[in-house]
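Inside the fold
Single-letter residue listing:
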Amino acid sequence: MKGKTLLTLALALTMTLSLAACSSGGSASVPAPDASAPMAAAPESALTPKLVEDGVLKVAMECAYAPFNWTQADDSNGAVPISGTSDYAYGYDVMFAKKIAEHLGCELEIVKMEWDALIPALQSGSTADRAAQVDFSDPYYYASIVCLVKSDGAYAGAAGISGFSGAKATSQLGTVWYDACLPQIPDANILPAQADAPAMLVALNSGTCDIVVTDKPTGLAACVAYPDFTMLDFTGTEGEFEVSDEDINIGISLKKGNTELKEKLDSVLSTMTEEDFTELMDQAISVQPLSK
């Protein structure tokens, strides 16, 4: 995870631990992660109050990035209230945050954080400087990069990224998909980045673009919500995007040197396999709002 780039960290998750002021004894505090941490970290003002009472694990997420996380009107399927609102959050991230909170023996608080709040943190400082400021848990999801196209479109039969030559392409702002993957498509007409995942899917559905690049869980969820989409996965072929495992495997950022929290996070992750992650993601996709 240490090799990840700044933009990739923004892609990865939407979930960052703001404070884990809880322990088995309920009295020991764990310091809050640096608010400038690159992965899904917002400026300090976006995560106020900075500290919370003992016994609460505060987790920030976009709440608009299905199947990882989304907003819904009730607590169905075990959704968790979003702090300061009447809405609830659910999805893969919430499922995982609940597991972590249970393991730590504390309550869970979800804070909604707009995606564009991440951008100032991503734009300030160098990648190396940011990477030096944070540690990462072991991966909690092993992702891959895919392309979405219209099933009846001109690019539905592409056998690799070279098959998208000249296509109008877009993805989400501040992600490895937009900044590293789209430029690899020959002669691509790269459109402005979209503010969030729903916006990029709307762009494809409306015909504004020919292809969208995203991660596989988002692609699978999109094909449920938009039956006329086709997902193309070139992973393991000559036509795949050039990315490293560190670019796409997803971990949780925390303050540099916070070994106590890292050990606790990794202890939760060590009890799960890639198959467990996949099963949990399948559950999230099956209950996402647009799947019904």
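Residues numbered from 1 in each chain as written. Predicted model: local features only at pLDDT ≥ 70, side-chain atom pairs only at ≥ 80, totals over all residues. Heavy atoms only, no water.

Some remarks on the overall build of the protein
Check the secondary structure of the protein and you find 10 helices and 15 strands. Looking at the protein as a whole, 52% of its 292 residues are labelled buried. Sequence-distant contacts in the protein: of pairs separated by 6 or more residues, those separated by 24 or more amount to 73%. Carbon and sulfur atoms provide 50% of the accessible area of the protein, an area that totals close to 11800 Å². (Helix = DSSP H or I, 4+ residues; strand = E, 2+ residues; numbered from the N terminus. Buried < 20%, exposed > 50% of the residue type's maximum accessible area, 1.4 Å probe, protein only. Contact = heavy atoms within 4.5 Å. Areas by Shrake-Rupley, 256 points an atom, 1.4 Å probe, with all protein chains shown as cover.)

Details of the pairing of strand β2 (residues 56-61)
A large share of β2 lies buried, amounting to 6 of its 6 residues. Of the two faces of β2, the one carrying Val56, Lys58 and Ala60 and the one carrying Leu57, Val59 and Met61 are both buried. Sheet analysis places β2 next to strand β6 (residues 107-112), joined by 6 bridges and oriented parallel. For leucine 57, the partnering residue across the bridge sits in β6 and is leucine 108. (Pairing = 2+ DSSP bridges.)

Focus on the sheet that holds strand β4 (residues 80-81)
The 3 strands are arranged β3-β5-β4 in an open sheet whose pairing can be described as antiparallel. Strand pairing shows two members of the sheet lacking a second neighbour, β3 (70-72) and β4, which therefore form its edges. Relative to strand β5 (residues 88-90), β3 runs antiparallel, the two sharing 3 bridges. Across the sheet, residue tryptophan 70 finds its bridge partner in β5, namely tyrosine 90.

Observations regarding the packing of helix α2 (residues 92-104) against helix α10 (residues 274-287)
At their nearest, the axes of α2 and α10 sit 9 Å apart, and the two run at 125° to each other. In terms of orientation, α2 and α10 fall into the oblique class. Contact residues: Tyr92, Met95, Phe96 and Lys99 in α2; Phe277, Leu280, Met281, Gln283 and Ala284 in α10. Considered class by class, the residues forming the contact of α2 with α10 number 7 nonpolar, 1 polar and 1 charged. (Axes fitted to C-alpha atoms, helices over the stretch in contact; angles between N-to-C directions. Parallel < 35°, antiparallel > 145°, perpendicular 65-115°, else oblique. Nonpolar A, V, L, I, M, F, W, Y, C, P; charged D, E, K, R; others polar.)

Details of the nonpolar core
Counting residues in hydrophobic clusters, the biggest one holds 72 residues, and the most contacted among them are Tyr92, Phe96, Ile110 and Phe164. With 8 residues, α2 is the largest single contributor of residues to this core. (Core = buried A, V, L, I, M, F, W, Y, C linked by side-chain atoms within 4.5 Å.)

Some points on the pattern of salt bridges
Taken as a whole and judged by the stated rule, the model has 3 salt bridges. A salt bridge links lysine 262 to aspartate 266; the shortest N-O distance between them is 2.8 Å. With lysine 262 and aspartate 266 both in helix α9 (residues 259-269), this residue pair falls 4 residues apart, about one helical turn. (Salt bridge = Lys/Arg side-chain N within 4 Å of Asp/Glu carboxyl O.)

Brief notes about the sheet that holds strand β9 (residues 145-150)
Read across the open sheet, the 5 strands follow the order β11-β10-β12-β9-β13; overall the sheet is mixed. One side of each edge strand has no neighbouring strand; the edge strands of this open sheet are β11 (189-190) and β13 (229-232). Inspection of the sheet shows strand β10 (residues 168-170) paired to strand β12 (residues 211-215) by 2 bridges, in the parallel sense. In the sheet register, threonine 170 faces β12, and the bridge partner there is valine 212.

Observations regarding the environment of alanine 73
Relative to the helices and strands, alanine 73 is located in the loop between β3 and β4. Here alanine 73 falls in the exposed class, since its relative accessible area comes to 64%. For the pair alanine 73 and tyrosine 88, spaced 15 residues apart in the sequence, the C-alpha separation amounts to 5.9 Å. Look past the residues within four positions of alanine 73 in its chain and what remains in contact with it is Ser86 and Tyr88.

Some remarks on the packing of aromatic side chains
Ring pairs (aromatic) are described by centroid distance and by the angle formed between their planes. As enumerated under the stated definition, the model contains 14 aromatic pairs in all. Arranged with centres 6.0 Å apart and planes meeting at 85°, the rings of phenylalanine 68 and tyrosine 92 form a pair that is edge-to-face. Taken together, the residues span a long stretch of sequence, with phenylalanine 68 in the loop between β2 and β3 and tyrosine 92 in helix α2 at a distance of 24 residues. The exposure class assigned to phenylalanine 68 is buried, which follows from its relative accessible area of 0%. (Phe/Tyr/Trp six-rings, centres within 6.5 Å; stacked < 30°, edge-to-face > 60°.)

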